[in-house]
Amino acid sequence: MPVEGGSSSGSASAARHPKQKRKAHSLSIRRTNSTEERPPGILRGDMLEGQDSKLPLALRNNLLDLFGQIEREFENLYIENLELRREIDSLNERLTGDGQAIEGGDPSKGALKAKGATFVQVVFENTSSQIVSSFKATTGSRALCQLLKEYIGHRDGIWDLSITRTQPVVLGTASADHSALLWSIETGKCLLRYAGHAGSVNSIKFHPTEQMALTASGDQTVHIWRYMVQLPAPQPPPDVSAPCDDDQDSSDREEGEVDGDGPSEVPTVRVATATLKSHQGVVIAADWLVGGRQVVTASWDRAANLYEVETSELVHTLTGHDQELTHCCTHPTQRLVVTSSRDTTFRLWDFRDPSIHSVNVFQGHTDTVTSAVFTVGDNVVSGSDDRTVKVWDLKNMRSPIATIRTDSAVNRISVSANQRIIALPHDNRQVRLFDMSGVRLARLPRSNRMGHRRMVCCTAWNEENQACNLFTCGFDRQAIGWNINIPALLQEK
């Protein structure tokens, strides 16, 4: 979660309470009976005997202990691998005895290959049901989801991104480097910088009909500012299939490294049209209500505020959450607001009646609710650090109508307006696509040469653009534009 501070280390360390510090990879040391039976002294003596070394004996013993632990770890992995192979052999024999086939495997020659280059798909069919494995070929995912453009220039992690709803259509990004940038979607060129905040810029949203942006910041304020940009001439799309000479895993790069020179000599806006100052803590998110005459803000002071845009007047303070808020979202056509919190709940606020506003509390998660968003229909989709995403029906929100279980915490999700596809950004650098019934459609390709290298913070759809129709951003300081072949994706489902 974004913070007030400006440095990269400061922003990363206190950014999200449940995810403050990333633990380094470490070996899990497990001792077996065979290794415990060997006295350490005898092992050292045998290895030291006949060797000529200038290292002190104590240092050599420590090194030998470490090497022994590594050897035991590999020994355990080898034993586990053998056990898995035996289980697969047994499964192959059962399937062969039942007359069922395994595509891509030959039961007569042994087990399936472990860690093979391709996924093995097992299909069982009978008269009552058909179960198809959810694994899809990597080549197929890449054909349906292609990286088109990288937007590089921020000097710290990018928390949020959004696409303008008026012409010209540009991409906006909000970063922990205290700035918001506007980008040409086609060329990847930075068009404008907003530098009016004194803290991390945690969210960015655009006015529905005017060239105005709304940004929330760790400096406890929300800014409304106007922009004017001119799009550059479009460039031919890059060849994403071209080989790359650099095989270095980008995840091993230093945190201080910046890819590219960043945007230089771009127009800069430093003064906001309006500043909203009522919060007593970090403002984590803000959004426009339908019509654009009011905005709602969410803060770490456990409150959400409703403001009049024209006068900057505070209309309502929405209280009730027990812990810090993490996100807020407005309905595209109705005066409804949903707020998310670290207290494991999200709340639905109804402002359709000007005289009163009602609130409903939903407790479907077991950890921080990182975001909850409306769909064009009557649904709310919530994501959480408990590694689940839940789909709710606004007409009956007692229990979710679908639950998606994943292997990593979920950050700020988005749902496409037309096909209602959910894009999930994960802590583990992955981005996955699901439909509203919880069926997995694809995973965006990621390798040493492409994709995000750090936590993916946010996703945003742009279905009006036939080429770049999905955007993602992360704490690797870059935003990425993707082409998702939605018709082919749904057809494969």
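Residues numbered from 1 in each chain as written. Predicted model: local features only at pLDDT ≥ 70, side-chain atom pairs only at ≥ 80, totals over all residues. Heavy atoms only, no water.

(A) Inspection of the overall build of the protein chain at higher detail. The number of helices and strands found in the protein chain is six helices and 31 strands. The buried share of the protein chain, reckoned over its 493 residues, is 47%. Considering only contacts within the protein chain whose residues lie at least 6 apart along the sequence, 52% involve residues at least 24 apart. Summing over all exposed atoms, the protein chain offers an accessible surface of approximately 25,300 Å²; the carbon and sulfur share of this is 49%. (Helix = DSSP H or I, 4+ residues; strand = E, 2+ residues; numbered from the N terminus. Buried < 20%, exposed > 50% of the residue type's maximum accessible area, 1.4 Å probe, protein only. Contact = heavy atoms within 4.5 Å. Areas by Shrake-Rupley, 256 points an atom, 1.4 Å probe, with all protein chains shown as cover.)

(B) Representation of the sheet that holds strand S27 (residues 431–434). Across the sheet, which stays open at both edges, the four strands sit in the order S25-S26-S27-S28 with antiparallel pairing between neighbours. For this open sheet the edge positions go to strand S25 (414–415) and strand S28 (440–443), each flanked by a neighbour on one side alone. In this sheet, S27 lies alongside strand S26 (residues 422–425) in antiparallel orientation, the contact comprising four bridges. Bridging from a neighbouring strand, Leu424 pairs with Arg432 of S27. (Pairing = 2+ DSSP bridges.)

(C) Region of the structure containing the pattern of salt bridges. This structure, assessed with the given rule, holds seven salt bridges. Here Lys395 makes a salt bridge to Asp378, at a shortest N to O gap of 3.8 Å. One end of the pair, Lys395, is in the loop between strand S23 (388–393) and strand S24 (402–405); the other, Asp378, is in the loop between strand S21 (369–374) and strand S22 (379–384), and 17 residues separate them in sequence. A network of salt bridges, in which partner residues are shared, links Asp160, Lys205 and Arg412. (Salt bridge = Lys/Arg side-chain N within 4 Å of Asp/Glu carboxyl O.)

(D) Quick look at the UniProt feature "repeat: WD" (unreviewed entry) in the protein chain. Sites flagged by UniProt as "repeat: WD" (unreviewed entry) map to residues 151–193, 194–225, 276–317, 318–359 and 362–402. Taken end to end, residues 194–225 comprises 0% helix and 53% strand; its first and last C-alpha atoms sit 8 Å apart. (UniProt positions renumbered as here; feature names shortened; annotations may be inferred.)

(E) Seen up close, unusual backbone geometry. Omega for the bond connecting Gln167 with Pro168 falls within 30 degrees of zero, at -5°, which places this linkage in the cis form. Secondary-structure assignment places Pro168 in the loop between strand S4 (158–163) and strand S5 (171–175). The phi torsion at Ser312 lies on the positive side, around 60°, for a residue other than glycine. A positive phi angle, close to 75°, is found at Thr344, a residue other than glycine. In this structure, Thr344 sits in the loop between strand S18 (336–341) and strand S19 (346–350).

(F) How the structure looks around the packing of aromatic side chains. Under the defined criterion, the tally for this structure stands at nine aromatic pairs. Aromatic side chains Phe206 and Tyr227 sit 5.7 Å apart centroid to centroid with 75° between the ring planes, which places their arrangement in the edge-to-face category. Remark: Tyr227 occurs in the loop between strand S10 (222–226) and strand S11 (268–269) and Phe206 occurs in strand S8 (residues 201–206); sequence separation between them is 21 residues. Residue Tyr227 is classed as buried on the basis of its relative accessible area, which comes to 3%. Members of the aromatic cluster, each reached through a chain of ring pairs, are Tyr194, Phe206, Trp225 and Tyr227. (Phe/Tyr/Trp six-rings, centres within 6.5 Å; stacked < 30°, edge-to-face > 60°.)

(G) Examining the pairing of S23 more closely. Within S23, five of the six residues are buried, which leaves the element mostly enclosed by the surrounding structure. In this structure, S22 lies alongside S23, joined through five bridges in antiparallel fashion. Within the sheet, the bridge partner assigned to Asn379 lies in S23 and is Asp393. Joining the antiparallel neighbours S22 and S23 is a turn of three residues, in which Arg387 adopts a positive phi near 70°. Both S23 and S24 contribute to a ladder of four bridges, which runs antiparallel. Looking at the pairing, Thr388 lines up with Arg405 of S24.

(H) Seen up close, the environment of Ala402. Residue placement: Ala402 occurs in strand S24. Distance in space between the C-alpha atoms of Ala402 and Val389 is 8.4 Å, their sequence separation being 13 residues. Every residue in contact with Ala402, bar those within four places of it in the chain, is listed here: Val389, Lys390, Val391, Met436, Ser437 and Gly438.

(I) Layout of the nonpolar core. One finds Phe346, Phe374, Val380, Val381, Met397, Ile422 and Leu424 to be the most contacted residues of the largest nonpolar core, which totals 25 residues. Counting residues per element, the ones that place at least two in this core are S18, S19, S21, S22, S23, S24 and S26. Among the elements that take part in this core, S21 stands out by supplying four residues, more than any other. Here Ile422 is in contact with Val381, Val391, Ile404, Ser414, Val415, Arg432, Leu433, Phe434, Asp435 and Met436, once residues within four sequence places are set aside. Counting 22 residues, the second-largest nonpolar core is a separate cluster that includes Leu171, Ala176, Cys468 and Ala479. (Core = buried A, V, L, I, M, F, W, Y, C linked by side-chain atoms within 4.5 Å.)

(J) Quick peek at the sheet that holds S4. The strand order across the open sheet built from five strands is S4-S5-S6-S7-S11, with neighbouring strands paired in mixed fashion. Two strands lie at the open edges of the sheet, namely S4 and S11, each paired on one side alone. Two strands pair when backbone bridges link them, and strand S7 (residues 190–194) and S11 are joined in this way by two bridges, in the parallel orientation. Bridging across to S11, Arg193 finds its partner in Thr268.

(K) Spotlight on the confidence of the model for the protein chain. Across the protein chain, the average pLDDT comes to 80, with 74% of residues at 70 or higher. Counting interchain partners and residues more than four positions distant, the pLDDT-below-50 stretch residues 4–45 has 76 contacts. Low confidence marks residues 101–139, where pLDDT is under 50. Its contacts with residues over four positions away, or in another chain, come to 42 contacts. (pLDDT = per-residue confidence, 0-100.)

(L) Examining the environment of Gly291 more closely. Tracing the chain through its elements places Gly291 in the loop between strand S13 (283–288) and strand S14 (294–299). Measuring from C-alpha to C-alpha, the distance between Gly291 and Thr209 comes to 8.1 Å, with 82 residues separating the pair along the chain. Aside from chain neighbours lying at most four places away, what touches Gly291 is His207 and Pro208.

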